[in-house]
Amino acid sequence: MVVCLTGLWRYRNYLIIFLTPLLILPLPIIVGGPEASCGYVIILTALYWCTECMPLAVTGLLPIILFPMMGIMESSEVCTQYMKDSNMLFVGGLLMAIAVEHWNLHKRIALRVLLVVGVRPALLMMGFMGTTAFLSMWIGNTASTAMMLPIANAVLKQLCDTEAQAEEREMDLMAIRGAGPGTGIPKGQDNQAFDMEPEPEVEESPEARERKLKREAKYLKLDKGMSLSVCYSASIGGTATLTGTAPNLILKGQVDELFPGNGDIINFASWFGFSFPNMVLMLIISWLWLQFMYLGCNMKKLFGCGTNKDGDKEAYGVIKNEYKKLGSVSFAEGCILVMFVRLVLLWFTTEPGFMPGWAAVLFNKDKPYVTDGTVAMLMSTLFFVIPSQLPRCGGYSEDGKPLKAPPTLLNWDVVHKKMPWNILLLVGGGFALARGSEKSGLSQWLGESLAPLQSIPPVAISFLLSLLIATFTECSSNVATTTLFLPILASMAVAIKLHPLYVMLPCTICASLAFMLPVATPPNAIAFSYGNLKVMDMVKAGFVLNIIGVITINIALNTWGAAMLNLNTFPDWANVTTIPTP
């Protein structure tokens, strides 16, 4: 029996792939109609995404196969869903991130910030969390975590080794100063001949052993806290910008698809205005919680008041040496920094909201010709045009040959290796499912079914749905979670005459709050391998942070979010007859 179950477990992915379509096949056969056929495709895709029996990107291609075969959509119409404006915005943001990583600009920024904040426990954790969150706003969460954790481990190891050496010197000094009458050395003076003879191997005293165990336990706990702080701040930081993580762009794409007349309500500036303050609030509360869990509440020790400075200096030297290895700022790093700042400024001023943006003045006089995706692709294309070194006329290399033209800031080989193409297919699959449910009439049926929810207070609906998404995303990828739930939430909002963003916006951010399990996100998995963590360590810390995250997001939604986006009224652009839903 055990052998049989073991064999089934080994082949579980094959069983899911082949049995799932057969088990839900009665839905289109018995119920019939385009709504049931579309529901079949959506349920099948959702189960494949949740179980990950196939790569997520491959599952995202199922609508291209099944929608045309079931008579829901033409193949050409399905395929256009995989390359929308929000996909181009995603590609442009990723190209910027790849350029920053390729020239190590992110590492220079991170180390510089750590040199400023210092190495005292509380400030060190604050520095790592703030730096990781800032980097995750612009580059991938996984890349930020993978870069910051080795630096954190090196600093903590140096602090631990320095403290151990200081304790050994203190013990030796106490032993020497303990010499009295009969030794020929006055008590209280150093034995000058002690260093001239080899140290005999002495068995470790109980006191020394106890101090060693306390020191190792202290730094193991600190290591766990630092590892969790880095991976959590990477997930939190990604929520601050529209391009910070894929779910944010999925929300923009779904809103533009489901509500074409929304007036570009979700753009870089409006997203940043809502999410950045929320990110800062979550980051501060997360820092306080991790401080309490892993560092205690002794402010004197945490902030370094009255402590020995030698260990701090040596640990600080580790960061300083890493920074020196980078050398001076290169021409390429300077170019990327300038382009990065220009890109952010252009994003902020495209449609700032409180005044006409440059896009409206120059291009978008009657139609939205230029979007954030246009700006992202413009700046990203320049990486393949601008040289990585300052051009020079003439000159020869060391072997006497004429100098070649310098390479550009990016080449396609680098982009091909680092670009996560699978995310584009996954996001495109979500857009295709949304469009298919609109064409089939499934969204209209679902909206009518959800109408009784109108009697529930909107605050309660938002809070409960946020908890649901935060729980679901622990077991499924955040991209798959938002792709599946956002169209359903849009249908529900239209049915009960609630502003769609009132439920879609908090649920999108909650999809990134996967703090409890190592498998929930790649940053969690990286921290789990680096920090000597147990699953229960992550569960205990992450459970509270999940609750805190849901609360802070809903506070933000009902305060400055409601004022910025006018969430308390049902907008005219949301008053449509059918809403696509997967």
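Counting restarts for each chain, with residues numbered from 1 along the sequence as it is written. Per-residue local features are limited, in this predicted model, to residues with pLDDT of at least 70; the limit for side-chain atom pairs, both in listing and counting, is 80 or more; totals at the level of whole chains, interfaces and linings are taken over all residues. Computation of side-chain values: all heavy atoms of the structure, hydrogens and water removed.

With an unreviewed UniProt entry as reference, the protein is termed Solute carrier family 13 member 2-like, source organism Salvelinus namaycush. UniProt positions are given in the numbering used here, feature names are shortened, and annotations may be inferred rather than shown by experiment. The Subcellular location (unreviewed entry) comment attached to the protein in UniProt states, word for word, "Membrane".

(A) Spatial organisation of the overall build of the protein. Think of it this way: any DSSP run of H or I at least four residues long counts as a helix, any run of E at least two long counts as a strand, and we number them from the N terminus. Counting its secondary structure elements, the protein contains 27 helices and zero strands. Each residue is placed in one exposure class: buried if its accessible area under a 1.4 Å probe, protein chains only, is under 20% of its type's maximum, exposed if it is over 50%, and partly exposed if it falls in between. Split into buried and exposed, the 582 residues of the protein put 50% on the buried side. The contact criterion used throughout is that any non-hydrogen atoms of two residues lie within 4.5 Å. Across the protein, every contact between residues at least 6 apart in sequence was considered, and the portion connecting residues at least 24 apart equals 79%. Put simply, the protein shows about 27800 Å² of open surface, and 65% of that area lies on carbon and sulfur atoms. Each accessible area is a Shrake-Rupley estimate made with a 1.4 Å probe; only the visible protein chains count as cover when residues are assessed.

(B) Region of interest: the pattern of salt bridges. Take a side-chain nitrogen of Lys or Arg and a carboxyl oxygen of Asp or Glu: if they are within 4 Å of each other, that pair is a salt bridge. Tallying each qualifying case throughout the model produces ten salt bridges. For arginine 435, the salt bridge identified is with glutamate 257, shortest N-O distance 3.8 Å. Pair noted here: arginine 435 is in helix H21 (residues 421-440) and glutamate 257 is in helix H13 (residues 246-258), with a separation of 178 residues, a long-range link. Classification of glutamate 257 by relative accessible area gives buried; the value is 13%.

(C) Quick look at the packing of helix H25 (residues 500-510) against helix H27 (residues 535-565). To get an axis, fit a line to the C-alpha atoms, keeping to the stretch in contact for a helix; angles then go from 0 to 180 degrees between the N-to-C directions. Closest axis-to-axis distance for the H25/H27 pair is 10 Å, and the angle between their directions is 140 degrees. Taken together, the axes of H25 and H27 are oblique relative to one another. In this structure, H25 meets H27 at a crossing whose hand is right-handed. Counting all contacts with H25, which are made through Leu501, Tyr502, Leu505, Pro506, Ile509 and Cys510, the residues of H27 involved are Val550, Ile553, Leu557, Asn558 and Leu565. Any angle that falls under 35 degrees is termed roughly parallel, while one over 145 is termed roughly antiparallel, one within 65 to 115 roughly perpendicular, and all others oblique. For a crossing to be left-handed, the near helix must be turned anticlockwise from the far one by less than a right angle; the clockwise case is right-handed.

(D) The side chain of glutamine 254, seen in detail. With respect to the secondary-structure elements, glutamine 254 resides in helix H13. On the basis of relative accessible area, glutamine 254 is assigned to the buried category, the value being 0%. Once residues within four sequence positions are removed from consideration, glutamine 254 is found in contact with Phe259, Gly430, Phe431, Ala434, Thr483, Leu486, Pro487 and Met504.

(E) Fine view of the nonpolar core. Membership of the largest hydrophobic core comes to 159 residues, with the highest contact counts inside it found for Phe128, Leu228, Tyr232, Phe259, Val503 and Met504. Among the elements that make up this core, the one with the highest residue count is helix H14 (residues 268-295) (twelve residues). Not counting residues within four places of it along the chain, the set of residues in contact with tyrosine 232 comprises Leu290, Phe515, Asn524, Met538, Ala541, Gly542 and Leu545. To form a nonpolar core, buried Ala, Val, Leu, Ile, Met, Phe, Trp, Tyr and Cys residues must be joined to one another through side-chain atoms within 4.5 Å.

(F) The arrangement of the environment of valine 535 in detail. Its location among the elements puts valine 535 in helix H27. Classification of valine 535 as partly exposed rests on a relative accessible area of 39%. Discounting chain neighbours no more than four positions away, the residues touching valine 535 are Met516, Leu517, Pro518 and Phe528.

(G) Structural view of the packing of aromatic side chains. What counts as a ring pair is set by centres within 6.5 Å for rings of Phe, Tyr and Trp (its six-membered ring), and what kind of pair is set by the plane angle: stacked under 30 degrees, edge-to-face over 60, tilted for all other angles. Tallied over the full model, the rule gives 16 aromatic pairs. Residues phenylalanine 384 and tryptophan 412 carry aromatic rings whose centres are separated by 6.4 Å and whose planes lie at 40 degrees to one another, so their mutual orientation is tilted. Here phenylalanine 384, found in the loop between helix H19 (372-381) and helix H20 (412-418), pairs with tryptophan 412, found in helix H20; they are 28 residues apart in sequence, far enough to count as distant. Through successive ring pairs, a cluster of aromatic residues spans Phe134, Trp138, Phe268, Phe272, Phe276, Phe340, Trp347 and Phe348. Look at NZ for Lys and CZ for Arg. If either is within 6 Å of the ring centre and within 35 degrees of the ring normal, a charge sits over the ring. A cation over a ring is seen here: arginine 108 above tyrosine 323, with NZ or CZ 5.7 Å from the ring centre.

(H) Representation of helix H2 (residues 12-23) in the model. Along its twelve residues, H2 runs 15 Å from first to last C-alpha, staying within 8% of the 16 Å computed at 1.5 Å per residue. When H2 is considered as a whole, its buried residues turn out to be Ile17, Thr20 and Pro21. Here the buried residues of H2 occupy an arc of 90 degrees about the axis, which is enough to place them on one side. Of the exposed residues in H2, those oriented more than 90 degrees away from the buried face are Tyr14, Phe18, Leu22 and Leu23. Check the buried side of H2 and you find it contacts helix H4 (33-51). Residue count minus one, scaled by 1.5 Å, sets the expected span of a helix. The reported arc concerns the directions from the helix axis to the C-beta atoms and nothing else.

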